[in-house]
Amino acid sequence: SHVAWLARDAATSTRRIGRAVELVRALPASELKAHVLGRAASSASVGGRNEEALALGGEALALAEALGLDDVRVHALTTIGMTRMQLGDDESERDLERAVEIGVAASSPEAGRAVSNLGVEAFLRGDVARFRELHLEAIRHYERFGSAAMARFSRGHAVGLADFYGEWDEAIRL
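Predicted model, so just to flag it, every value in this text is computed and none were measured.

> What exactly am I supposed to notice about the overall build of the chain here?
A count of helices and strands for the chain gives 10 helices and 0 strands. In the chain, the succession of helices and strands from N to C terminus is α-α-α-α-α-α-α-α-α-α. For a compact globule of 174 residues, the expected C-alpha radius of gyration is about 16 Å, and the chain comes in at 17 Å, within 12% of that figure. With the principal axes as the frame, the chain shows a C-alpha extent of 55 × 35 × 30 Å. Out of the 174 residues belonging to the chain, those deemed buried represent 43%. For the chain, contacts bridging at least 24 residues in sequence account for 49% of all contacts bridging at least 6. Accessible surface, the chain: about 9300 Å² in total, of which carbon and sulfur atoms supply 55%. A distance of 6 Å separates the average location of the 21 positive side-chain charges in the chain from that of its 26 negative side-chain charges.

> What is the right way to look at the side chain of Ser-45 in this model?
Relative to the elements of secondary structure, Ser-45 occurs in helix 3 (residues 31-46). Take Ser-45: its relative accessible area is 6%, and that puts it in the buried class. Excluding anything up to four places from it in sequence, Ser-45 contacts Asn-50, Ala-53, Thr-79, Thr-83 and Gln-86.

> Just to check I follow, could you spell out the packing of aromatic side chains for this structure?
Aromatic ring pairs: the centre-centre distance and the angle between the two ring planes describe each pair. Evaluation of the coordinates by the stated rule reveals 2 aromatic pairs. Between the aromatic rings of Phe-123 and Phe-131, the centroid separation amounts to 5.1 Å while the plane-to-plane angle is 55°, which identifies the pairing as tilted. Using a relative accessible area of 42% as the deciding quantity, one classes Phe-123 as partly exposed. Taking relative accessible area as the criterion, Phe-131 reaches 11% and is therefore assigned buried. Here Phe-164 and Tyr-165 contribute two aromatic rings whose centre-to-centre distance is 5.4 Å and whose plane-to-plane angle is 85°, an arrangement assigned as edge-to-face. Using a relative accessible area of 33% as the deciding quantity, one classes Tyr-165 as partly exposed.

Cut-offs used in this document
Residues numbered from 1 in each chain as written. Predicted model: local features only at pLDDT ≥ 70, side-chain atom pairs only at ≥ 80, totals over all residues. Heavy atoms only, no water. Helix = DSSP H or I, 4+ residues; strand = E, 2+ residues; numbered from the N terminus. Rg over C-alpha atoms; globule rule 2.2 N^0.38 Å. Buried < 20%, exposed > 50% of the residue type's maximum accessible area, 1.4 Å probe, protein only. Contact = heavy atoms within 4.5 Å. Areas by Shrake-Rupley, 256 points an atom, 1.4 Å probe, with all protein chains shown as cover. Lys, Arg positive; Asp, Glu negative; His and termini not counted. Charge placed at Lys NZ, Arg CZ, Asp CG, Glu CD. Phe/Tyr/Trp six-rings, centres within 6.5 Å; stacked < 30°, edge-to-face > 60°.

Bear in mind that shape data such as this cannot, by itself, settle questions of function.
So, in structure tokens, the structure goes:
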């Protein structure tokens, strides 16, 4: 489904994720099931299917908590937080902060995504300085865990932030 998403084929991606969810529904609680539900929640959130995202994210979170799967907990909380933010729910920041806290404590590769999305939440509240701080922290997490694509993507935003602050030399360096 991720390959289809990258190819901008949302219909195929959604169909494949839906099939994956169907296949894991009947399975007992497992890391695989939690992971599939979490990724499906994320896809639903990005696709604007907020109620579906919250339901799947809640299922993934419950499984992750029961099984002690910190990476899946961070992923699910980040997705839930972002979805709640899209819905205008003030509790979104709490979900994202919890995701960051768990991710950092567990040294989770998912911490970068959580930090980045907490930064987006700060930006949407008008706190550009906090957004910048969190954005740079997210880059450090991506680099630490070898996520070159996400680090590169985030560095692209860092150029715009340096420009916004009038730091022309920094913008050119980046």
